[in-house]
Amino acid sequence: MTASVGTAASPVKSVAEFAAAPAEYQEAVRKIVRSHSVNELYGAQVFDEAAIALAPTPHAKWLTCRIAMEEYGHHVRFRALGEEIGIPAAQLVPGEKRPLSIFAFPLKSWEQFCVIKLLADLAEILQVEDLLECSFHPLRNLARMTMPEERFHAQFGRDFCTEICATPEGRAAVQDAIFRYFPLLPSFFGASHSKNNATFRRLGIKQRSNEAMRADYLARARALVEGELELRLPEVGEAV
Ligand SMILES: [Fe+2]
Ligand SMILES: [Fe+2]
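Residues numbered from 1 in each chain as written. Chains lettered and ligands numbered in written order. Predicted model: local features only at pLDDT ≥ 70, side-chain atom pairs only at ≥ 80, totals over all residues.

## Quick look at the packing of helix α2 (residues 23-54) against helix α3 (residues 58-84)
Then, in step 1: Where α2 meets α3, the axes come as close as 8 Å, and the angle between the chain directions of the two elements is 160 degrees. As summarised for this structure, α2 and α3 are arranged roughly antiparallel, according to the angle between their axes. The two elements α2 and α3 meet at a crossing, and its hand is left-handed.
Then, in step 2: Split into classes, the residues belonging to the contact of α2 with α3 amount to 11 nonpolar, 7 polar and 7 charged. (Axes fitted to C-alpha atoms, helices over the stretch in contact; angles between N-to-C directions. Helix = DSSP H or I, 4+ residues; strand = E, 2+ residues; numbered from the N terminus. Parallel < 35°, antiparallel > 145°, perpendicular 65-115°, else oblique. Left-handed = near helix turned anticlockwise from the far one by under 90°. Nonpolar A, V, L, I, M, F, W, Y, C, P; charged D, E, K, R; others polar.)

## Brief notes about the nonpolar core
Within soluble globular proteins, side chains that are nonpolar tend to cluster in buried spots.
Then, in step 1: Membership of the largest hydrophobic core comes to 34 residues, with the highest contact counts inside it found for Cys 114, Val 115, Leu 119, Cys 161, Val 174 and Leu 185.
Then, in step 2: Secondary structure elements with two or more residues in this core: α2, α4 (110-129), α5 (137-164), α6 (168-181) and α8 (210-228).
Then, in step 3: The element contributing the most residues to this core is α4, with 10 residues.
Then, in step 4: Ignoring any residue separated from it by four or fewer positions in sequence, one finds Leu 119 in contact with Tyr 181, Phe 182, Leu 185 and Ala 221. (Core = buried A, V, L, I, M, F, W, Y, C linked by C-beta atoms within 7 Å. Buried ≥ 20, exposed ≤ 12 C-beta atoms within 10 Å, placed from the backbone. Contact = placed C-beta atoms within 7 Å.)

## As for unusual backbone geometry
Then, in step 1: Located in the positive-phi region is His 193, a residue other than glycine, with phi close to 55 degrees.
Then, in step 2: Take His 193: it is sitting in the loop between α6 and α7 (195-202).
Then, in step 3: Here His 193 falls in the exposed class, since 10 other C-beta atoms lie within 10 Å of it.
Then, in step 4: Positive phi is not limited to glycine here, since Glu 230 has a value of about 55 degrees.
Then, in step 5: Mapping Glu 230 onto the fold places it in the segment after α8.
Then, in step 6: On the basis of neighbour count, Glu 230 is assigned to the exposed category, with 9 C-beta atoms found within 10 Å.

Okay, structure coming up:
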């Protein structure tokens, strides 16, 4: 009986087991791996690689190079898994689908990049966290490998934003970037009451609803921006 395959109680431990899992399970896992593969590459291209030229010092450039390398590395990992589980190569790179609105932001300054790492990589941490107990073990293992690097990216954003905020001009630039960029983030968690998300949870692939993750994200972003940096976070209505 394969009905229980892919639940938290009955994990799919390998790509070989995946090939024997029900079609619904396979399709659900492919959707998630595909979106990570596309988004990691998109972000690396439009933000991380572009930010190397914006970094103001050799030390900042070196750290930004490391981040760009790691973000490209995340794409490479998700893409390799995607190929193993039968996703066509063209679907694993940006192109066919319209990019998420968070990637449409026109990056212009070093301060904006630091805010993107502070806030967008925090959002990415929540997404990766949700896969740490995924019922598809190759994806769970990939999330566990990726997590320390996403934490480093968010910490980089936090450290540089704190440093930049030491001067009034820097503080104004960080605040301006937060006002421009933050409103794009809540929709990153997907629609509330999403049918796809309900399927992911029923199959043990994901753990939390989009709305629960969004609420958690908003609380964590508020604690960082208002609690630590003592700046303002714009009010964002319950989008989507
Ligand atoms: Fe990443
Ligand atoms: Fe990252």
